[in-house]
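# A structural walkthrough
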Amino acid sequence: FIDTLTGSNPTGLLNLTKSGKVIGLTNYGGKYQGGTLFVFNPNDSTLKIGVNLNDTLTGTLPNSGLVQAYNGLYYGLGQYGGSNNDGTIFSYNDSTGKARLEYSFIDTFSGRNPQGGLMQFHNGLLYGMVSSGGKFGVGTIISFNLDSGKVVKLLDFNRSNGAAPGYGTLVEVFTEPNRWTGTK
């Protein structure tokens, strides 16, 4: 990885696209020094920037990878950026090569500076942990509805139930076998 050409400090898991390319995130470098979404072609071993992450389009400095949702788009969290510089949820369409800002975090409502990743649960919603902000200033758990674009705060961490979650991803656990169908 070369800082301005491809980004630096790759983070999170990689994703294999339908076209056979691999996409991932770096949390630094690129044109704006806010990280990149990179595309690797295993057929010819080329690595290029798909998107230069920036404050207004995607948010910056992601600390986890992307998750592919049921709608075929990939979603990630920017630790900074958005309309309040409190962080973002952004999407990436690998067919068009375009990224889009989906949500700007609001400190006291949804939290600020997410450091972990998103996970899609069987109900179709994306869930994530936000490392600071919220009612008590020490983070939140949120859900994001892909269809409406709405974020719902599900929990304010308050130190007695936890504080400042970072670099993790929520996991859905099933008590019934074969419950996950992979669709909405």
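Below, the structure is looked at part by part.

Helix and strand counts for the protein chain come out as two helices and 12 strands. Of the regular secondary structure in the protein chain, the N- to C-terminal order runs α-β-β-β-β-β-β-β-β-α-β-β-β-β. Against the compact-globule benchmark of 16 Å for 184 residues, the protein chain has a radius of gyration of 16 Å, which places it among compact chains. With respect to the three principal axes, the spread of C-alpha positions in the protein chain is 50 × 40 × 25 Å. Taken across its 184 residues, the protein chain has 49% of its residues classed as buried. Sequence-distant contacts in the protein chain: of pairs separated by 6 or more residues, those separated by 24 or more amount to 40%. Within the structure as shown, the protein chain displays about 9100 Å² of accessible surface, and the carbon and sulfur contribution to it stands at 52%.

The strand order across the open sheet formed by four strands is E5-E6-E7-E8, and the pairing between neighbours is antiparallel. Bordering the open sheet on either side are strand E5 (67-68) and strand E8 (98-104), each of which pairs with just one other strand. Sheet topology places E5 next to strand E6 (residues 74-78); two bridges connect them, and they run antiparallel. Residue Gln68 lies in a different strand from E6, and its bridge partner there is Tyr74.

Next up on the list: the packing of aromatic side chains. Evaluated as defined, the whole model comprises three aromatic pairs. Ring centres 6.2 Å apart and planes at 55° place the aromatic pair Tyr75 and Phe144 in the tilted group. In this pair, Tyr75 is assigned in strand E6 and Phe144 in strand E11 (residues 140-144), connecting sequence segments 69 residues apart.

Attention shifts here to the environment of Val39. Structurally, Val39 can be placed in strand E3 (residues 36-41). Relative accessible area serves as the criterion here: at 10%, Val39 is assigned to the buried category. Along the sequence, Val39 and Asn113 sit 74 residues apart, while their C-alpha atoms lie 25 Å from each other. Residue contacts for Val39: discarding those within four places in its chain leaves Lys21, Val22, Ile23, Thr46, Leu47, Lys48, Gly50 and Tyr92.

Here strand E1 (residues 8-16) runs beside strand E2 (residues 22-28); their pairing, made up of five bridges, is antiparallel. When the sheet's bridge partners are listed, Thr11 is paired in E2 with Leu25. The antiparallel pairing of E1 with E2 creates a hairpin that spans five residues between the two strands, and Gly20 there sits at a positive phi of about 85°.

Here we come to the side chain of Asn27. In this structure, Asn27 sits in strand E2. For Asn27, the side chain forms a polar contact with the side chain of Asn63, separated by 3.2 Å. Excluding residues that lie within four positions of it along the chain, Asn27 makes contacts with Ser8, Asn9, Thr11, Gly34, Gly35, Leu61, Pro62 and Asn63.

Moving on, we come to the nonpolar core. In terms of nonpolar packing, the biggest core is built from 15 residues, with Tyr75, Ile89, Phe105, Leu118, Leu126 and Phe144 touching the most fellow members. Sorting the residues of this core by element identifies E6, strand E10 (126-130) and E11 as the ones contributing at least two each. Discounting chain neighbours no more than four positions away, the residues touching Phe144 are Tyr75, Ile89, Glu102, Tyr103, Leu125, Leu126, Gly149, Lys150 and Val151. Listed in part, the 11 residues of the second largest apolar core include Leu37, Leu66, Phe90 and Tyr92.

Conventions used here
- Residues numbered from 1 in each chain as written.
- Predicted model: local features only at pLDDT ≥ 70, side-chain atom pairs only at ≥ 80, totals over all residues.
- Heavy atoms only, no water.
- Helix = DSSP H or I, 4+ residues; strand = E, 2+ residues; numbered from the N terminus.
- Rg over C-alpha atoms; globule rule 2.2 N^0.38 Å.
- Buried < 20%, exposed > 50% of the residue type's maximum accessible area, 1.4 Å probe, protein only.
- Contact = heavy atoms within 4.5 Å.
- Areas by Shrake-Rupley, 256 points an atom, 1.4 Å probe, with all protein chains shown as cover.
- Pairing = 2+ DSSP bridges.
- Phe/Tyr/Trp six-rings, centres within 6.5 Å; stacked < 30°, edge-to-face > 60°.
- Polar contact = N/O pair within 3.5 Å; in protein donor to acceptor, adjacent residues only side chain to side chain.
- Core = buried A, V, L, I, M, F, W, Y, C linked by side-chain atoms within 4.5 Å.

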